[in-house]
Amino acid sequence: MAFKPKIPIALLLLTSLLAICAGLALAMQDPELKQCKHQCRHQRQFDEQEKEQCQRSCDEYHREKKAQERAERRRSEEGSSREERYEEEELGGEHEEENPYVFEDEDFETRVRTDEGRIQVLEKFTKRSKLLRGIENFRVAILEANPHTFISPAHFDAELVLFVAKGRATITTVREEKRENFNVEQGDIMRIPAGTPVYLINRDENEKLYIVKILRPVSVPGHFEAFHASGGEDAESFYRGFSWEVLEAALKTRRDQLEKLFGKQTQGVIIKASKEQIRSMSQHEETPPRIWPFGGDSTHPFNLFHKRPSQSNQFGRLYETDPNECKQLQDLDLMVSFANITKGSMAGPYYNSRATKISVVVEGEGYFEMACPHLSSSGSRGQREGSGSSRRRSRSGPTYQQIRGRLRPGMVFVAPAGHPVAVIASRNKNLQVLCFEVNAQGNIRFPLAGKNNIVNEFEREAKELAFNFPAREVEKIFRNQDQEFFFPGPSRQPEEGDRAFE
Ligand SMILES: *[C@@H]1O[C@H](CO)[C@@H](O)[C@H](O)[C@H]1NC(C)=O
Ligand SMILES: [Cu+2]
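Colleague: Explain the coordination of the copper ion (ligand 2) here, please?
Modeller: For a metal bound by four donors in tetrahedral geometry, the ideal donor-metal-donor angle is 109.5 degrees, whereas six donors in octahedral geometry ideally sit at 90 or 180 degrees. Protein-derived ligands of the copper ion (ligand 2) are C372 (SG), H374 (ND1) and H419 (NE2), with the metal-ligand distances lying across 2.1 to 2.2 Å. As a motif over one chain, the donors of the copper ion (ligand 2) read C-x1-H-x44-H. Residue H374 is located in the loop between strand 20 (366-372) and strand 21 (401-407), and its partner H419 is located in the loop between strand 22 (412-415) and strand 23 (421-425); the two are separated by 45 residues in the primary sequence.

As structure tokens, then:
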């Protein structure tokens, strides 16, 4: 029996190998990128600057590779119908191994792209992870348009709420034989009911228009389509879905005339407009002064920034719609808010009692941290880890995965109900975040630090028993921070290339 002791050794080796593999898998998103950076850091002949440069070129290479992969995926998708794609999206959980709460450029599908702008639609939330089922029927889209452009008429099979993040537009809707023009600017929120024909212009001569939309499909849950009236290079007119015979009869026009009409628009959905056209269209606003929310037509836009901020100090400002006073959003059970976090400061930690918050970074940089029990690996749940941003503790009960994600303009992140979250602005720039809160009715924001934090409200005995610490000491700590909601940020921030973000 000479080899008997070898079995435990082999087992030991195997388990430690497995542990290492698992550990590595947790710590990285893309093994190739990780390897590339690792090699950069360990080049003896490189000085610090060269090491950094080397790591940056890794990132670049990685981005290009991803872009190529996406292009290939798109090409292969072109063959399949929308319906097949819907089904694919339904499968979900494709990249469950990544942090499922953060979305960036590559997670958007470009639906319209011309020389003058683009419309991007974020992938279905449940494509990433089943944990996002609660907001499955909401989609986020971003419209960018160059100065003095026209975005062609279309309607959507979805309820739509838009927020003007940057720039100045004139939005035109048609409701039962009535045309309405609305001049909107940064901070304006507007509801476009499902099926409403809408077109718009960027009426600014210099500034790009940047509109963030949230859509709730009304026909196919979780999926929406644009129906273009005129069409163009990148989109067909829905009139073309009919035979010439039917069109001839319906429009009482000969086919050759119709062919001319529908063949004329060779540009896309977003096109340049002349100064005169813009001037004329932006002067058509004939709406009475904005009297919302105190009566008036509830489809009129209203400006979030004209309200008093609900939280405000030197570390940041929070503007929010009140679901009770905001009729436009009421039936969607939606709330819109905007946090302007001063550079070097942070918002939270706090959690929402019922609402799941979808945040879009409009400006600035920073990161967020969130505690998530679903992705914690210990305990009996057997769920997988988030991204490399893992910090595990060895407990047998529930543990909380520390979800962390770097934030840049255009990025989207989700904080589900009940999940404690904090958002931290970089030291160089204010972090400005637009938020859609889904399931807003009756939602309460519970602060976990600062004035009114939940622990302060506990009874002395409860504090003592819960923390096994003198109540006085517990109180001392939870009363140290006398600011509310916005606080000075951490003195040390994770650096670019920090392991937690790789
Ligand atoms: C955010 O705050 C900064 C600094 O106070 C200010 O310059 C900026 O205009 C604010 N942004 C918005 C959208 O209010
Ligand atoms: Cu979770």
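From this point on, the discussion continues.
Colleague: Just to check I follow, could you spell out the site of ligand 1 for this structure?
Modeller: With respect to spatial proximity, the complete set of residues near ligand 1 consists of F305, F338, N340, N430 and Q432. For ligand 1, an oxygen atom lies 2.4 Å from a polar atom in the side chain of N340. N430 is positioned with one of its side-chain polar atoms (N or O) 3.1 Å from an oxygen atom of ligand 1. Isolated, ligand 1 exposes 360 Å² of accessible area, and the fraction of that covered by the protein chains is 47%.

Colleague: Would you explain the side chain of T321 in this entry?
Modeller: By secondary structure assignment, the location of T321 is in the loop between strand 16 (316-320) and helix 9 (327-330). If near-sequence neighbours (up to four positions away) are discounted, T321 is found in contact with I189, F302, L304, K307, C326, L329, M335 and V336.

Colleague: Hey, could you run me through a nonpolar patch on the surface in this one?
Modeller: Together, F458, F467, F469 and I477 give the surface a local cluster of nonpolar side chains, amounting to about 370 Å² of exposed area. Given the relative accessible area of 39%, F469 is considered partly exposed.

Colleague: What is the right way to look at the sheet that holds strand 2 (residues 108-114) in this model?
Modeller: Sheet strands line up and pair through hydrogen bonds in the backbone, either parallel or antiparallel. Ordered in space as 2-3-4-11-6-9-14, the seven strands form an open sheet in which the pairing is antiparallel. The strands lining the two open edges of the sheet, one partner per strand, are strand 2 and strand 14 (302-303).

Colleague: Could you clarify how one ought to interpret the sheet that holds strand 19 (residues 356-363) in this entry?
Modeller: What the seven strands build is an open sheet, ordered 1-22-19-24-17-16-15; its pairing is antiparallel. With one partner strand each, in any of the chains shown, strand 1 (102-103) and strand 15 (311-313) form the two edges of the open sheet. Summarising the sheet, strand 19 and strand 22 pair through four bridges and their orientation is antiparallel. Pairing of V360 across the sheet is with V412, part of strand 22.

Reading the values: rules and limits
Residues numbered from 1 in each chain as written. Chains lettered and ligands numbered in written order. Predicted model: local features only at pLDDT ≥ 70, side-chain atom pairs only at ≥ 80, totals over all residues. Heavy atoms only, no water. Donors = N, O, S within 2.8 Å, 3.2 Å for Na, K, Ca; no water. Helix = DSSP H or I, 4+ residues; strand = E, 2+ residues; numbered from the N terminus. Near = heavy atom within 4 Å. Polar contact = N/O pair within 3.5 Å; in protein donor to acceptor, adjacent residues only side chain to side chain. Areas by Shrake-Rupley, 256 points an atom, 1.4 Å probe, with all protein chains shown as cover. Contact = heavy atoms within 4.5 Å. Patch = residues over 30% accessible without salt bridge, like charges linked within 9 Å, V, L, I, M, F, W, Y side chains within 5 Å. Salt bridge = Lys/Arg side-chain N within 4 Å of Asp/Glu carboxyl O. Buried < 20%, exposed > 50% of the residue type's maximum accessible area, 1.4 Å probe, protein only. Pairing = 2+ DSSP bridges.

Geometric descriptors of this kind do not, in isolation, establish any biological role.
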